[in-house]
Amino acid sequence: MTADLGRQVADAELVARFRRDPDEFTAVYDRYFRDVYRYAVGRLDVQTGEDIAAETFCVAFAQRDGFDPERGGLRPWLFGIATKLMARHRRKEARHYKALIRTGAAAFIEGHESRVVTSVAAQRLQPQLLKALTKLNSGERDVVLLIAVGQLSHEEVAQTLGIADGTVRSRLSRARKKFQQMIDREAING
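Residues numbered from 1 in each chain as written. Predicted model: local features only at pLDDT ≥ 70, side-chain atom pairs only at ≥ 80, totals over all residues. Heavy atoms only, no water.

Q: What is the right way to read the overall build of the protein from this model?
A: Scanning the protein from terminus to terminus reveals 10 helices and zero strands. Taking as baseline every contact in the protein between residues at least 6 positions apart, the subset at least 24 positions apart corresponds to 63%. When the accessible surface of the protein is totalled, it reaches about 10,500 Å², and 52% of it is carbon and sulfur. (Helix = DSSP H or I, 4+ residues; strand = E, 2+ residues; numbered from the N terminus. Contact = heavy atoms within 4.5 Å. Areas by Shrake-Rupley, 256 points an atom, 1.4 Å probe, with all protein chains shown as cover.)

Here you go:
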C-alpha cells in the first residue's frame, strides 16, 4: 500500500512536470515502457507487441493534457491505451490461439503465452486453456490477460478498462467458470 501511495505521488509529480515541459514525458516512458511492452508482446506477436507498446506512448504523449490523476495512476492509464489499441488485433489474436490448437504446436511454444498458460494450469491442460481463451468474450479475455500477462491488480484492471472493481471480479469469475467447463468437458470427452 505504501509503494502504491509512493508511486501515485511520484506519478502526480511526473504529470505536473510533463505538463510544464513536454520533454519530461520521457520519465513516464522510462518508468512504464517495460511493463506495457511485456503486456503487449504477451498478448500479441513480438513485432505487433513492439508496435503497440510504442504507439501506446505516442498516443499517451498526444493525450497527456487529458490525463486525470483523480481517475487513477499513469500505469493503468497506459494499459488502458494499450488495451484499446489491441482491440483492433483481437481477431488476429483469436486466430492465433485457434492455429496453435489446430497444429498441436501449443505444447512446444516457448513464448510468453506458454509461460502464462503454464502458470495457470499443468502443461497438459495448455491446449484446452488456449481453446477456452477463444471462447471468452473480449471483456473477459482482457481481464484475464491483464491479470495473467500484465500482472495488474484487480483495481488496476478496473482503472485500465474504465469499469468497476466488481465488474472485473465478475468477468474473472465468468472466465474461470468457462475455463472449468471447457477443461471438464475435455476430460470427459477425451
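Q: How should I be thinking about the pattern of salt bridges in this particular structure?
A: Two side chains that carry opposite charge are able to pair once their charged atoms sit near each other. A full pass over the atoms with the stated rule returns 11 salt bridges. Its salt-bridge partner being K178, residue E140 comes within 2.7 Å of it at the nearest N-O pair. On the criterion of sequence distance, the pair formed by E140 in helix α8 (residues 138-148) and K178 in helix α10 (residues 165-189) is long-range, its members being 38 residues apart. The closest approach of N and O atoms between R169 and D165, which form a salt bridge, is 3.0 Å. In this pair, R169 and D165 are both assigned in helix α10, four residues apart and thus about one turn of the helix distant. Under the relative-accessibility criterion, R169 is labelled partly exposed at 40%. (Salt bridge = Lys/Arg side-chain N within 4 Å of Asp/Glu carboxyl O. Buried < 20%, exposed > 50% of the residue type's maximum accessible area, 1.4 Å probe, protein only.)

Q: In this structure, what is going on with unusual backbone geometry? I would like to understand it.
A: Working note: non-glycine residues mostly have negative phi, and peptide bonds are mostly trans. One non-glycine residue, Q151, lies in positive phi territory at about 55°. Looking at the secondary structure, you find Q151 in the loop between α8 and α9 (154-161). Classification of Q151 as exposed rests on a relative accessible area of 58%.

Q: Help me understand the side chain of R43 in this model?
A: Structurally, R43 can be placed in helix α2 (residues 26-43). In terms of polar contacts, R43 uses its side chain to reach the side chain of D142, at 2.9 Å. (Polar contact = N/O pair within 3.5 Å; in protein donor to acceptor, adjacent residues only side chain to side chain.)

Q: So what exactly am I meant to see when it comes to the packing of aromatic side chains here?
A: The geometry of two aromatic rings is summed up by the distance between their centres and the angle between their planes. Tallied over the full model, the rule gives eight aromatic pairs. Between F25 and F61, the ring centres sit 5.5 Å apart and the planes meet at 75°, which makes this aromatic pair edge-to-face. Of the two residues, F25 sits in the loop between α1 (2-20) and α2 while F61 sits in helix α3 (residues 46-62), which places them 36 residues apart along the sequence. Residue F61 is classed as partly exposed on the basis of its relative accessible area of 33%. (Phe/Tyr/Trp six-rings, centres within 6.5 Å; stacked < 30°, edge-to-face > 60°.)

Q: Explain the nonpolar core here, please?
A: Soluble globular proteins: nonpolar side chains tend toward being buried together. Among the nonpolar cores identified, the biggest contains 45 residues, and V28, L74, L78 and L133 are the most heavily contacted of them. Tallying contributions element by element places helix α4 (residues 74-87) first for this core, with eight residues. In contact with L133, other than residues within four places in its own chain, are Y97, R141, V144, L145 and F179. (Core = buried A, V, L, I, M, F, W, Y, C linked by side-chain atoms within 4.5 Å.)

Q: Explain the environment of R171 to me, please; I cannot follow it from the model alone.
A: Secondary-structure assignment places R171 in helix α10. With 30 residues separating them along the chain, R171 and R141 place their C-alpha atoms 8.7 Å apart. The contact partners of R171, leaving out residues within four places of it in the chain, are G139, E140, V143, L161 and I163.

Q: Would you mind going over the packing of α4 against α9 with me for this structure?
A: Geometry of a packed helix pair, given as the angle between the helix axes and the separation of the axes. It is the contact of α4 with α9, at a shortest axis distance of 7 Å, that shows an interaxial angle of 55°. What the angle tells us is that α4 and α9 run oblique. Helix-helix and strand crossings are classified by hand; for α4 and α9 the assignment is right-handed. Of α9, the residues touching α4 (which contributes R75, P76, F79, G80 and T83) are E156, Q159, T160 and L161. In terms of residue class, the contact of α4 with α9 is made up of three nonpolar, four polar and two charged. (Axes fitted to C-alpha atoms, helices over the stretch in contact; angles between N-to-C directions. Parallel < 35°, antiparallel > 145°, perpendicular 65-115°, else oblique. Left-handed = near helix turned anticlockwise from the far one by under 90°. Nonpolar A, V, L, I, M, F, W, Y, C, P; charged D, E, K, R; others polar.)

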